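Here is what each chain is made of, one letter per residue.
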Amino acid sequence: MKVIVLNASPRKRANTAKLCKSVVEGAESESAEVEYFDLYSYDFKGCMSCFACHLKKNSENPLCFWRDELKEILKKCLKADAIVIGTPIYYGSITSYAQAFLEKLLFAADTYVLDEDGNRVSKIKKEIKTAIIYTMNVTEEMSHFNGEDQLAIMRGYLTNIFGECEALYAYDTKQFKQYSPYLNNMFDPELKQKSNETQFPKDLKKAYELGKRLAK
Ligand SMILES: Cc1cc2nc3c(=O)[nH]c(=O)nc-3n(C[C@H](O)[C@H](O)[C@H](O)COP(=O)(O)O)c2cc1C
């Protein structure tokens, strides 16, 4: 069982990375072979619209043809049994690196061919389980500010192309060790600390369980 875990936060030791690492631990507890990547460490852009992947002669090849530092990671993803991507929410959406990664992963595996039911034909012939972990400042009660529909868009495409896509939402994350040096009267540092001590450990556990489930 091969699992790829991708941290799409620029911070390599913060909330998203911690949740991603918990997925790694869960998957490894089921003896999965896990590889972890910090996407912001790699030099790549989103889909360059070259359409090489959509040429008829490449109808069986789901790998993006563009040569950049993402190519080897994409290759590994296509050989994996499960792919997990963790992303902070930036202005109501996934980060630009998460978006760029998913554009390349999805478009090369996708086609403009419809089957008899009107569904787009995917080049992926085996199911690859996927999951997205979203981390955000807002509380669950305020989550409508981030637009659930907006967050569900990429999950929908992952489901269509690869199969089932799970979601884990980590709300009310603590953004700074100390809030006092920063311009802020929107977030109460004490409430953030409390959430970090009570809710975040539960989210870490959920991430661990997600890793276990995907690796089974
Ligand atoms: C540029 C930027 C935009 C953000 N926009 C939002 C937002 O729209 N909604 C939200 O809930 N949190 C927002 N946040 C907060 C982050 O999503 C949240 O702190 C996240 O958990 C950070 O992940 P990290 O700790 O892994 O870096 C934003 C943070 C940054 C830096």
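This text follows the structure it describes.
Residues numbered from 1 in each chain as written. Predicted model: local features only at pLDDT ≥ 70, side-chain atom pairs only at ≥ 80, totals over all residues. Heavy atoms only, no water.

**What about the overall build of the chain?**
Phase 1 of the analysis: When you go through the chain residue by residue, the secondary structure sums to 5 helices and 6 strands.
Phase 2 of the analysis: Put simply, the chain runs from its N terminus to its C terminus through helices and strands in the order β-α-β-α-β-β-α-β-α-β-α.
Phase 3 of the analysis: A compact globule built from 216 residues would reach a C-alpha radius of gyration of about 17 Å, and the chain, at 18 Å, matches this within 12%.
Phase 4 of the analysis: On the principal axes, the C-alpha backbone points of the chain span a range of 60 × 35 × 35 Å.
Phase 5 of the analysis: Taken across its 216 residues, the chain has 48% of its residues classed as buried.
Phase 6 of the analysis: Within the chain, contacts between residues separated by at least 24 positions form 77% of all contacts whose residues are at least 6 apart in sequence.
Phase 7 of the analysis: Surface summary for the chain: the accessible area is close to 11,900 Å², and the carbon and sulfur share equals 51%.
Phase 8 of the analysis: Looking at the chain, you have 31 positive and 30 negative side-chain charges, and the mean spots of the two groups are 5 Å apart. (Helix = DSSP H or I, 4+ residues; strand = E, 2+ residues; numbered from the N terminus. Rg over C-alpha atoms; globule rule 2.2 N^0.38 Å. Buried < 20%, exposed > 50% of the residue type's maximum accessible area, 1.4 Å probe, protein only. Contact = heavy atoms within 4.5 Å. Areas by Shrake-Rupley, 256 points an atom, 1.4 Å probe, with all protein chains shown as cover. Lys, Arg positive; Asp, Glu negative; His and termini not counted. Charge placed at Lys NZ, Arg CZ, Asp CG, Glu CD.)

**Focus on the site of the ligand**
Phase 1 of the analysis: In the vicinity of the ligand lie 17 residues, with Arg-11, Thr-16, Ile-89, Thr-135 and Thr-173 positioned nearest.
Phase 2 of the analysis: At 2.9 Å from a nitrogen atom of the ligand is found a main-chain nitrogen or oxygen belonging to Tyr-91.
Phase 3 of the analysis: Among the elements of the structure, helix H1 (15–29) and strand S3 (82–90) are those that each provide at least two residues to the shell around the ligand.
Phase 4 of the analysis: By residue number, the principal contributor to the shell around the ligand is S3, which donates 3 residues. (Near = heavy atom within 4 Å. Polar contact = N/O pair within 3.5 Å; in protein donor to acceptor, adjacent residues only side chain to side chain.)

**Some remarks on empty space enclosed by the protein**
Phase 1 of the analysis: What the rule picks out here adds up to 3 cavities of 30 Å³ or more.
Phase 2 of the analysis: Of the voids in this model, the largest cavity is the one considered here, and its volume is about 90 Å³.
Phase 3 of the analysis: Lining the largest cavity are Cys-47, Met-48, Ser-49, Cys-50, Phe-51, Cys-53, Cys-64, Phe-65, Trp-66, Lys-104, Phe-107 and Ala-108.
Phase 4 of the analysis: Partitioned by chemical class, the residues of the lining of the largest cavity number 10 nonpolar, 1 polar and 1 charged. (1 Å grid on protein atoms, 1.4 Å probe; cavity = no way out; pocket = protein on both sides within 12 Å on 5 of 7 lines; lining within 4 Å. Points joined across faces, edges and corners; volume = space filled by probe spheres on them. Nonpolar A, V, L, I, M, F, W, Y, C, P; charged D, E, K, R; others polar.)

**A look at the nonpolar core**
Phase 1 of the analysis: Within the largest apolar cluster, 42 residues are counted, with the highest numbers of intra-cluster contacts made by Leu-6, Phe-101, Leu-105 and Phe-162.
Phase 2 of the analysis: Of all elements in the fold, only strand S1 (2–7), helix H2 (71–79), S3, helix H3 (96–109), strand S5 (129–135), helix H4 (148–162) and strand S6 (165–170) reach the threshold of two or more residues within this core.
Phase 3 of the analysis: Ranked by residues supplied to this core, first place goes to H3 with 9 residues.
Phase 4 of the analysis: Contact partners of Leu-105, with chain neighbours within four places excluded, come to Leu-74, Cys-77, Leu-78, Ile-83, Leu-158 and Phe-162.
Phase 5 of the analysis: If you look at the next biggest cluster of nonpolar residues, it comprises 20 residues, including Val-23, Ile-133, Ala-207 and Ala-215. (Core = buried A, V, L, I, M, F, W, Y, C linked by side-chain atoms within 4.5 Å.)

**Here's the deal with the pattern of salt bridges**
Phase 1 of the analysis: Applying the stated criterion across every chain yields a total of 8 salt bridges.
Phase 2 of the analysis: Linking Asp-110 and Arg-120 is a salt bridge whose minimum nitrogen-to-oxygen distance equals 2.8 Å. Taken together, the residues Asp-110 in the loop between H3 and S5 and Arg-120 in the loop between H3 and S5 connect sequence positions 10 residues apart.
Phase 3 of the analysis: Judged by relative accessible area, Asp-110 falls into the buried class, the value being 9%. (Salt bridge = Lys/Arg side-chain N within 4 Å of Asp/Glu carboxyl O.)

Worth remembering: the numbers are spatial, not functional.
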